[in-house]
Amino acid sequence: SFFLPTELPLKGKKVVITAGPTRERIDPVRYLTNFSSGKMGYALAEAAVKMGAETILVSGPVSLPIPHGVKVEHVESAEQMLQAVLYHYDHADIVVKTAAVADYRPKTIHDQKMKKQAGDATLELERTIDILMTLGQRKTKQLVIGFAAETNNIEVYAKDKLSKKNADYIVANDVTQADSGFGTDTNTVVLIGKENYVQYFDNMTKKQLAIQLFETILSHEKEVQH
Ligand code: CTP
Ligand code: CA
């Protein structure tokens, strides 16, 4: 898809997108993370630029090229991602939280490499801050869009996240499908919005889906405002 310069749908808008996994340190040589590749978030950043937005990509550690025209900020932990997003939040029009943020982090980060001992070991964990919920609570003019990775009861869990986090939309995907979710180039999602708005998308490339998600959300926003 491409857009004529005169009809760029996100012209004048500031869009902040988070992508990839976070990395929660245990000691200087170890960390906790997840299988997020960053592909969906990077595709959304590329789409936002093509649609005319000033685009900031807050990225966890991934191995993907930075899309042309995107301003990238590299972060590692959930805490660093939170700080980077909050820094841009007041001036943002749209925030998309594509990142797979770690829910837990080690309670202490050891300064030295932990040495093994005889027998089993346990790792004490504590909750990270929910970035999306923090944004939902501090919302002024922003459109806040979250993602949800689910293995079952997708619509129910996604609706629950929408209301609990005060998001405007949740893009939910079934991460058990082979052609969808973590690491794949394609995705199958359901877009959930307020007042029981539900929109199913066919399986397509993450790049195509990124454009369609923005177009669908923008047109639905126009509808509900008029
Ligand atoms: N999220 C976040 N900060 C966290 C955890 C999640 O901002 N500490 C965001 C993700 O970026 C995503 C949304 O919340 O946009 C949903 O993430 P998901 O892992 O599906 O949901 P959780 O609320 O963490 O619930 P659970 O993992 O228990 O299903
Ligand atoms: Ca989670």
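Nothing here was measured: the structure is a model prediction, and the numbers come from that model.

Undergrad: Could you give an account of the overall build of the chain, with specific residues and numbers?
TA: On a plain count of helices and strands, the chain comes out with 5 helices and 14 strands. Expected size for 226 residues packed as a compact globule is a radius of gyration near 17 Å; at 18 Å, the chain falls within 12% of this value. Along the longest, intermediate and shortest principal axes, the C-alpha atoms of the chain span 65 × 35 × 35 Å. Burial status across the chain gives 37% buried among its 226 residues. Pairs at least 24 apart in sequence give 61% of the contacts found in the chain among residues at least 6 apart.

Undergrad: Would you mind going over the sheet that holds strand 10 (residues 169–174) in detail, with residue names and values included?
TA: In spatial order, the strands read 5-4-1-6-9-10-12-13; together these 8 strands make up an open sheet with mixed pairing. At either margin of the open sheet sits one strand with a lone partner, and together these are strand 5 (71–74) and strand 13 (197–200). Averaged over all neighbouring strand pairs, the angle between strand axes comes to 15°, with direction disregarded.

Undergrad: Describe helix 2 (residues 78–89), with residues and values.
TA: Counting along an α-helix, one turn takes 3.6 residues, and residues three or four places apart therefore face a common direction. Relative to the 16 Å expected for 12 residues at 1.5 Å per residue, helix 2 spans 16 Å between its end C-alpha atoms, a close match to the ideal helical length. Three or more residues of helix 2 are buried, namely Ala 78, Met 81, Leu 82 and Val 85. All buried residues of helix 2 lie within an arc of 100° about the axis, which places them on one face of the element.

Undergrad: Quick one: what's the story with the site of ligand 1, residue by residue and with numbers?
TA: Around ligand 1 sit 14 residues, and of these Lys 97, Val 101, Ile 131, Leu 132 and Gly 146 come closest. Elements represented by at least two residues in the shell around ligand 1 include exactly helix 3 (131–137) and strand 9 (143–150). Counting residues per element, the shell around ligand 1 draws most heavily on strand 9, at 4 residues.

Undergrad: How would you sum up the pairing of strand 12 (residues 189–193)? Please name residues and give values.
TA: Most of strand 12 is tucked away: 4 of the 5 residues are buried. Bridging between strand 10 and strand 12 involves 5 bridges; their strand directions are antiparallel. Bridging across to strand 12, Tyr 169 finds its partner in Gly 193. Two strands pair when backbone bridges link them, and strand 12 and strand 13 are joined in this way by 4 bridges, in the antiparallel orientation. Bridge pairing links Val 190 to Tyr 200 in strand 13.

Undergrad: Describe the UniProt feature "binding site: CTP" (unreviewed entry) in the chain, and please don't skip the residues or the numbers.
TA: Taking the numbering used here, the UniProt-annotated feature "binding site: CTP" (unreviewed entry) corresponds to Asp 103, Lys 113, Phe 147, Lys 161 and Lys 165. A maximum C-alpha distance of 37.4 Å is found for the annotated residues, which run over 63 residues; spatially they are spread out rather than grouped. Relative to the helices and strands, Phe 147 resides in strand 9. Other than its neighbours up to four places away in sequence, Phe 147 contacts Lys 97, Thr 98 and Val 171. Structurally, Lys 161 can be placed in helix 4 (residues 154–164). When neighbours within four sequence positions are excluded, Lys 161 is seen to be in contact with Gly 146, Ala 148 and Ile 170.

Undergrad: Outline the pairing of strand 2 (residues 24–27), listing residues and values.
TA: Pairing of strand 2 with strand 3 (residues 30–32), which is carried by 3 bridges, proceeds in the antiparallel orientation. Residue pairing in the sheet places Glu 24 in a bridge with Leu 32 of strand 3.

Undergrad: A description of the confidence of the model for the chain should follow, citing residues and the corresponding values.
TA: Averaged over all residues, the pLDDT of the chain is 95; the fraction at 70 or higher stands at 100%. Across the whole predicted complex the pTM is 0.96, and at the interface the ipTM reaches 0.98.

What counts, and where the lines are drawn
Residues numbered from 1 in each chain as written. Chains lettered and ligands numbered in written order. Predicted model: local features only at pLDDT ≥ 70, side-chain atom pairs only at ≥ 80, totals over all residues. Helix = DSSP H or I, 4+ residues; strand = E, 2+ residues; numbered from the N terminus. Rg over C-alpha atoms; globule rule 2.2 N^0.38 Å. Buried ≥ 20, exposed ≤ 12 C-beta atoms within 10 Å, placed from the backbone. Contact = placed C-beta atoms within 7 Å. Pairing = 2+ DSSP bridges. Axes fitted to C-alpha atoms, helices over the stretch in contact; angles between N-to-C directions. Expected span 1.5 Å × (residues − 1). Arc of directions from axis to C-beta. Near = placed C-beta within 6 Å. UniProt positions renumbered as here; feature names shortened; annotations may be inferred. pLDDT = per-residue confidence, 0-100.

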